[in-house]
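# Coordinate inspection notes
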Amino acid sequence: MTAPAVASMLETELWLSFVSLLRSYAAAANLNLEEHAQIEHAETSAALIAGPARLELRFNPETSSVTWAKSAPAHPRITGSFAFLPEGTIAIGGKIQDLDHVAIELVAKATGLGKGTTR
């Protein structure tokens, strides 16, 4: 197997692991939500729906990057991006964070629980 093929497999596995973390932390958040958050997932996209709020993520396996956008009625749309790194971390907002912390912050941002400070 060639190096680019291995790298692509790694990035895809990181994406799938990240979506799994989103599911886990959304389930935990549901303990404190009247209307449960849900995760929709396709091959290179995912969405976290929490009441009227929707956080959409798009994964680009060629660049290892994810762009996200949160929309909610009566609130301005906010966007951001991050990139998976080969060692299994995420580069976001000029920092290196683990997958868990970014997933927690995105769930908080989508559900309104906690600060949700991910840029």
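Residues numbered from 1 in each chain as written. Predicted model: local features only at pLDDT ≥ 70, side-chain atom pairs only at ≥ 80, totals over all residues. Heavy atoms only, no water.

Looking at where A83 falls in the secondary structure, it is placed in strand β5 (residues 75–84). Residue class for A83 comes out partly exposed when judged on its relative accessible area of 22%. Measuring from C-alpha to C-alpha, the distance between A83 and I96 comes to 9.6 Å, with 13 residues separating the pair along the chain. Aside from chain neighbours lying at most four places away, what touches A83 is S64, S65, T89, I90 and A91. (Helix = DSSP H or I, 4+ residues; strand = E, 2+ residues; numbered from the N terminus. Buried < 20%, exposed > 50% of the residue type's maximum accessible area, 1.4 Å probe, protein only. Contact = heavy atoms within 4.5 Å.)

Scanning all chains against the criterion turns up 5 aromatic pairs. Ring centres of W15 and F59 lie 5.2 Å apart, and the angle between their planes is 5°; on these two criteria the pair is classed as stacked. One end of the pair, W15, is in helix α1 (residues 3–29); the other, F59, is in strand β3 (residues 53–60), with 44 residues separating them in the sequence. One exposure class covers both W15 and F59, and it is buried. Centre to centre, the rings of F18 and F84 are 6.0 Å apart; their planes meet at 75°, and the pair counts as edge-to-face. One end of the pair, F18, is in helix α1; the other, F84, is in strand β5, and 66 residues separate them in sequence. Of the two residues, F18 and F84, both sit in the buried class. One aromatic cluster is present, built from ring pairs that chain together W15, F18, F59, F82 and F84. (Phe/Tyr/Trp six-rings, centres within 6.5 Å; stacked < 30°, edge-to-face > 60°.)

As a further point, take the pairing of strand β2 (residues 45–50). Most of β2 sits out of view: 6 of its 6 residues are buried. On β2, burial covers both faces: S45, A47 and I49 on one face and A46, L48 and A50 on the other are all buried. Between the end of strand β1 (residues 38–41) and the start of β2, which pair antiparallel, lie 3 residues. Bridge count between β2 and β3: 6 bridges; the pairing is antiparallel. Across the sheet, A50 pairs through a bridge with A53, a residue of β3. Between β2 and the antiparallel strand that follows it, β3, lie 2 residues; G51 among them carries a positive phi value of about 60°. (Pairing = 2+ DSSP bridges.)

Here the focus is the nonpolar core. Counting 29 residues, the largest nonpolar core has F18, L48, L57, F82, F84 and L106 as the members making the most contacts within it. Among the elements of the structure, α1, β2, β3, β4 (65–72), β5, β6 (89–92) and α2 (99–111) are those that each provide at least two residues to this core. If one sorts the elements of this core by residue count, α1 sits on top with 8 residues. Those residues in contact with F84, other than ones at most four positions away along the chain, are L14, W15, F18, F59, S64, V66, T89, I90 and L99. (Core = buried A, V, L, I, M, F, W, Y, C linked by side-chain atoms within 4.5 Å.)

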